[in-house]
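Read off the chains here:
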Amino acid sequence: MSGREAILGKVRTALKAKAGDTVRLAAVNERMAKSAPGIIPARGQLPAKERIDLFCAQAVKLFASVERLASADAVPAAVAGYLRQKNLPQSVRMGDDPRLSDLPWSQEGALEVRHGPSDGNDEVGVSHAFGGVAETGTVVMVSGADNPTTINFLPEHHIVVIDATSIQGDLETAIAGIRARFGKGEMPRTVNLISGPSRSGDIEQKLILGAHGPRALHLIVVGG
Amino acid sequence: MQITSPAFKQNAKGALADVQLQQALGNVRSGFIDKRLKAVEALPEFEALRDSARAIKDHALANLDLYLEAYEKKVVASGGHVHWAESAEDARNIILDICRKANAKTVTKGKSMITEEIALNDFLEEKGIRPVETDLGEYIIQLRHEHPSHIIAPAVHVTQSQVEADFRRVHTHLDAARDLREPEALLNEARKVLREEYFAADVGITGANFLIAETGTSIIVTNEGNGDLTQILPKMHIAVASIEKIVPTLEDASQILRVLARSATGQDMSVYTTMSTGPRREGDVDGPGEYHVVLLDNGRSSMLGTEFQEMLRCIRCGACMNHCPVYHAVGGHAYGWVYPGPMGAVLTPSLIGVDKAGHLPNASTFCGRCESVCPMKIPLPKMMRHWREREFERGLNPAAARSGLKFWAFFARRPALYQAMTAIGMPLLSLLGGKSHRFGWLPLAGGWTRHRELPAPQGKTFMQQVRSARSAGAR
Amino acid sequence: MPDQNPRVGLFVTCLVDLFRPSVGFAAIKLLEDAGCTVEVPMTQTCCGQPAYNSGDRADSRAIAENTIEAFEEFDYVVAPSGSCAGMLKKHYPGLFSGEPDWEARARDFSAKVHELVSFLADVRGVTAVAGSEAGSVTYHDSCSGLRELNIKAQPRKLLRSIDGLELVELKDADVCCGFGGTFCVKYPDISNAIVEQKTGCIEASGAQTLLAGDLGCLMNMAGKLKRQGSAVEVRHVAEVLAGMTDAAPIGGKG
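Residues numbered from 1 in each chain as written. Chains lettered and ligands numbered in written order. Predicted model: local features only at pLDDT ≥ 70, side-chain atom pairs only at ≥ 80, totals over all residues.

K.L.:
Tell me about the overall build of chain A, and name the residues and values.
P.N.:
The helix and strand inventory of chain A stands at 7 helices and 12 strands. Overall, chain A is about 70 × 40 × 40 Å in size when its C-alpha atoms are taken along their principal axes. Split into buried and exposed, the 224 residues of chain A put 50% on the buried side. Of the contacts formed within chain A by residues at least 6 apart in sequence, a portion of 74% connects residues at least 24 apart. (Helix = DSSP H or I, 4+ residues; strand = E, 2+ residues; numbered from the N terminus. Buried ≥ 20, exposed ≤ 12 C-beta atoms within 10 Å, placed from the backbone. Contact = placed C-beta atoms within 7 Å.)

Right under this line is the structure:
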């Protein structure tokens, strides 16, 4: 007997369940089909402006830095400004996401823009978020051909551009957004929910930023 | 790993005498508790979310077979592989087999209690494959050839100066004169050393906090980002998970995520919550080329349908041990196997046998603080008592304790006899206590008087006095 | 409005019966002052926790049966202990699972059970007591009372009603003292480490007197304080609430 059959057999015996019990199966399928949200904290249930403010405030609490821009066209200048402020070389790594590559990078003559996944030699990575979650100050990153996951983790500094209109009040609404984009029951290879820069408390419970992932997370919120 | 649970008492004695350990445990007593309380108080819906989380797991467990089948179907549809392991040995062999097919020399590992449970590292090493722990705490204890003493803070028993000494001992390729006095310097050194390992690894092995039946997704939750580098850089990702990790939908996982980090570290969310579904997709420029899930039973199915089923709701947040006075006193290693604290006191007897782990459910004051903070509302003291009942039924507890209990119960069941005996005994004992009203030593009371005085009885028992008053015509 | 004159059966608890009857008499006074008619059934012994927590269900059940028979005729059953009241209230019915008649009887019984101080405050609506105590006291929340019966505010409220009493909060008042019934003799070294943390907090509070609602915990903490040479005096909260502090403190003075 295979491990699969043995385990399922033991589980069914313990639950006094029969294989092919259509009533139980229908209940399970219905639950998965509905994917109903449970209890949603009131914290994030706010009108758009307050919701975006909450997102920014929560992110700052997590030691992310936040910058707000009226228009995406200002992103390259903001990125260059961040690099100058942090005394970093004028060079960034990003994927081929058109939401980023269509921006006027050429206006920042000194800024080198490298495309493709990170090989660990990038000081700064720039990504575009799929969405955000106001209740916890979380950005939602979705992997794909144009959005390498390595950029979320390997650079020392991670700059995430997020469209204010994609910031939801709660995690469930953000998940519904992923489902709407990728289809019911389907997921991209990787979804990263990122709440602040990397940290560790493993040495005597002292909180230190920059464990294995980025030491700094800079959020550029566009619009709103 | 070697089981020392039968020697719990000796382990505890050693732990109590270990000055460095006691210093390190001071951090558990303060940090975790205040942080959790703050986070919980800031979320008015926390109590309702606990109930919601409990109901989700109860439902998933009641339909575990069906959700496992649904989950498997989705993993396969997304291009992944599912392996079923009845035992720790099966799991080890399955993982070895996958690693060998990948021609793996080095595997990186995200923090995973389940691979501790199956003692994977020793096994891989034996077979010529080098496992590298990447969570800072796990890395520290791997260097020390130790095991985690806490399920979310594996190196909580280690002090900063010990970490410095270990890094100097192992990282001999680095400048001996470097300054490692600050924890930041230690972290940076580990970061640099492990960066190279991530890129060198052929296979990345992680655990899973949740498996989602709806989508075939595995979820890991970390703060360091090590789990992510472990699973996206090598050509293959293996997620090892026990079967009770399954929940029906992403929404269900969200509910539990809201109570998980708050209960564990007092964070609203951990820094990285990562959802992985299958291998790298067509057109993807990074991510693992193969994705395997090893589903482990190892005793879980025999907890289903018993008084220990509720233990399978556990999400490994560590809140129970963070609030346990016994854990605070002796730390995690005294428990003698993988899972310490109250959750270990219930789970360990299920997994390695109550004959070996019998001390664990007994070494509790039943103060109930663990249950009061458990995000999944697991009745831990009740289940420890169930283990004591099993031990009692099987005659596993010490003969002296057993006969003492039976002697006492014989009288407690017979009120007239009980009161006659105590009416003679207690006044005598009171006389012996004399003017100090206490004893520094008393025969048969050594367990008590070794560390404290025994307050003496006042004199005649209460019942004796009531009886006399009654016969005198009062009350 | 509470009943005018309910009949209360006093479950005195085995430790009070044997070691500190003055707590039993203090309980009677407090209950009578609160308008209750108090009776002491002579067939009571112990709540059965030593057996129950040792996994001995048969003896636990037999002892529970004895207790229920002795007390089920009363309007209320009151015990000067959160731990024993918790046993009677929360755990008795489960001992009879599978025996519908007895389980129903146990449930009816359990519904009437209360710990003394919470009974006074919550059921009898007592807001002030006539007790007397000069000086500063601190209060330890015993685990079962706190977590099974939600006893926290009631003793503090009644203590504050006493003229001349200063209530000092104890750091980690809600953390176990390490008694744990048979635990303290089965694992004496661990129990000692836990009670040492507790006595450290007690000393740091600066209070002259330590109070709690459970004699087991009190004997444990008093025993450690006395071994350490502490001058803190230890009493059951009922003694102070009733103003009956003539008896020597638990474990003696100084």
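K.L.:
Give me the lowdown on the overall build of chain B, citing residues and values where you can.
P.N.:
Assigned secondary structure in chain B consists of 23 helices and 12 strands. Dimensions of chain B along its principal axes, counting C-alpha atoms only, are 95 × 60 × 45 Å. By the burial criterion, 59% of the 475 residues in chain B qualify as buried. Taking contacts inside chain B between residues at least 6 apart in sequence as the whole, the part at least 24 apart equals 75%.

K.L.:
So what's going on with the interface of chain A and chain B? Residues and values would help.
P.N.:
Counting residues at the interface gives 62 residues for chain A, matched by 76 residues for chain B. Secondary-structure elements contributing two or more residues to the side of chain A that touches chain B are α1 (3–15), α2 (22–34), α6 (150–153), α7 (171–182), β9 (190–194) and β10 (199–200) of chain A. Among the elements that take part in the side of chain A that touches chain B, α1 of chain A stands out by supplying 10 residues, more than any other. In terms of residue class, the side of chain A that touches chain B is made up of 27 nonpolar, 22 polar and 13 charged. (Nonpolar A, V, L, I, M, F, W, Y, C, P; charged D, E, K, R; others polar.)

K.L.:
For the arrangement of the chains, give the residues involved together with the corresponding values.
P.N.:
The interface with the highest contact count, out of 2 pairs of chains in contact, is the one between chains A and B. For the non-touching pair chain A and chain C, the nearest C-alpha separation works out to 20 Å.

K.L.:
Explain the domain arrangement of chain B residue by residue, including any values.
P.N.:
Each assigned domain of chain B is listed with its residue range as follows: domain 1 (43–296) and domain 2 (400–471). Computed over C-alpha atoms, the centres of domain 1 of chain B and domain 2 of chain B are 55 Å apart. (Domains from an automatic or database assignment.)

K.L.:
Tell me about the packing of helix α4 (residues 57–71) of chain C against helix α5 (residues 82–95) of chain C, residues and numbers included.
P.N.:
Two measures define how a pair of helices packs: the angle their axes make with one another and the distance between the axes. Residues and elements named next belong to chain C. Between α4 and α5, the least distance of the axes is 10 Å, while the angle of their chain directions is 115°. Crossing handedness for the pair α4 and α5: left-handed. Contacts between α4 and α5 involve Arg 57, Ser 60, Arg 61, Ala 64 and Thr 67 from the former and Leu 88, Tyr 92 and Leu 95 from the latter. Of the residues assigned to the contact of α4 with α5, the class counts are 4 nonpolar, 2 polar and 2 charged. (Axes fitted to C-alpha atoms, helices over the stretch in contact; angles between N-to-C directions. Left-handed = near helix turned anticlockwise from the far one by under 90°.)

K.L.:
Give me the lowdown on unusual backbone geometry, citing residues and values where you can.
P.N.:
Residues and elements named next belong to chain B. In this structure, Phe 366 takes a positive phi of about 60° despite not being glycine. Tracing the sequence through the fold places Phe 366 in the loop between α17 (359–362) and α18 (369–373). You will see that His 437, though not glycine, has its phi angle at about 60°, which is positive. By the C-beta count within 10 Å, which is 21 here, His 437 ends up buried.

K.L.:
Which residues make up the interface of chain C and chain B, and what are the values?
P.N.:
At the interface, 57 residues of chain C touch 50 residues of chain B. At the level of elements, α1 (14–19), α2 (21–33), α3 (49–52), α4, α8 (143–149), α10 (183–186), α11 (188–205) and α12 (215–227) of chain C are the ones that each hand at least two residues to the side of chain C that touches chain B. When residues in the side of chain C that touches chain B are grouped by element, the largest group, 7 residues, is from α12 of chain C. In terms of residue class, the side of chain C that touches chain B is built from 29 nonpolar, 16 polar and 12 charged.

K.L.:
Give a description of the sheet that holds strand β4 (residues 113–115) of chain C that names residues and reports values.
P.N.:
All names here are of chain C. The strand order β2-β1-β3-β4 describes an open sheet built from 4 strands, whose pairing is parallel. The sheet terminates laterally at β2 (37–39) and β4, the two strands that pair on one side only. On average, each strand axis in the sheet is inclined to that of its neighbour by 35°, with strand direction left out of account. As defined by bridge partners, strand β1 (residues 7–10) adjoins strand β3 (residues 76–79) across 3 bridges and the pair is classed as parallel. Bridge pairing in β3 places Val 8 opposite Tyr 76. Along the sheet face, α5 touches β3 and β4 and points at about 165° away from the line of β4. (Pairing = 2+ DSSP bridges.)

K.L.:
Any chance you could break down the pairing of β9 of chain A for me, citing the residues and the numbers?
P.N.:
Taking burial as the measure, the 5 residues of β9 of chain A include 5 buried ones, the bulk of the element. Side chains of β9 of chain A alternate between two faces, with Thr 190, Asn 192 and Ile 194 of chain A and Val 191 and Leu 193 of chain A buried alike. In this structure, strand β6 (residues 138–142) of chain A lies alongside β9 of chain A, joined through 4 bridges in antiparallel fashion. Along β9 of chain A, the bridge assignment pairs Val 142 of chain A with Val 191 of chain A. Bridging between β9 of chain A and strand β9 (residues 272–276) of chain B involves 5 bridges; their strand directions are antiparallel. For Leu 193 of chain A, the partnering residue across the bridge sits in β9 of chain B and is Thr 273 of chain B.

K.L.:
Could you give me a rundown of the environment of Thr 217 of chain B, with the residues and numbers involved?
P.N.:
Along the chain, Thr 217 of chain B turns up in strand β6 (residues 217–222). On the basis of neighbour count, Thr 217 of chain B is assigned to the buried category, with 27 C-beta atoms found within 10 Å. For the pair formed by Thr 217 of chain B and Asp 175 of chain B, sequence separation is 42 residues and the distance between their alpha carbons is 44 Å. Setting aside anything within four residues of it in sequence, one finds Thr 217 of chain B in contact with Met 187 of chain A together with Ile 212, Met 275, Ser 276 and Thr 277 of chain B.

K.L.:
An account of the sheet that holds strand β8 (residues 233–236) of chain C is requested, with residue identities and associated values reported.
P.N.:
All names here are of chain C. The strand order across the open sheet built from 4 strands is β6-β5-β7-β8, with neighbouring strands paired in parallel fashion. Each edge of the open sheet carries a strand with a single partner, namely β6 (165–168) and β8. Ignoring strand direction, the axes of neighbouring strands in this sheet form an average angle of 35°. Sheet topology places strand β5 (residues 135–139) next to strand β7 (residues 209–212); 3 bridges connect them, and they run parallel. Note that in β7 the partner of Val 137 across the bridge is Thr 209.

K.L.:
Please provide a residue-by-residue account of the packing of α5 of chain C against helix α6 (residues 100–111) of chain C, values included.
P.N.:
Residues and elements named next belong to chain C. With their axes 8 Å apart at the nearest point, α5 and α6 run at an angle of 170° to one another. Between α5 and α6, the crossing angle belongs to the class labelled roughly antiparallel. Across from Leu 88, Lys 89, Tyr 92 and Pro 93 in α5, the residues of α6 making contact are Glu 103, Ala 106, Arg 107, Phe 109 and Ser 110. Residue classes in the contact of α5 with α6 are distributed as 5 nonpolar, 1 polar and 3 charged. (Parallel < 35°, antiparallel > 145°, perpendicular 65-115°, else oblique.)

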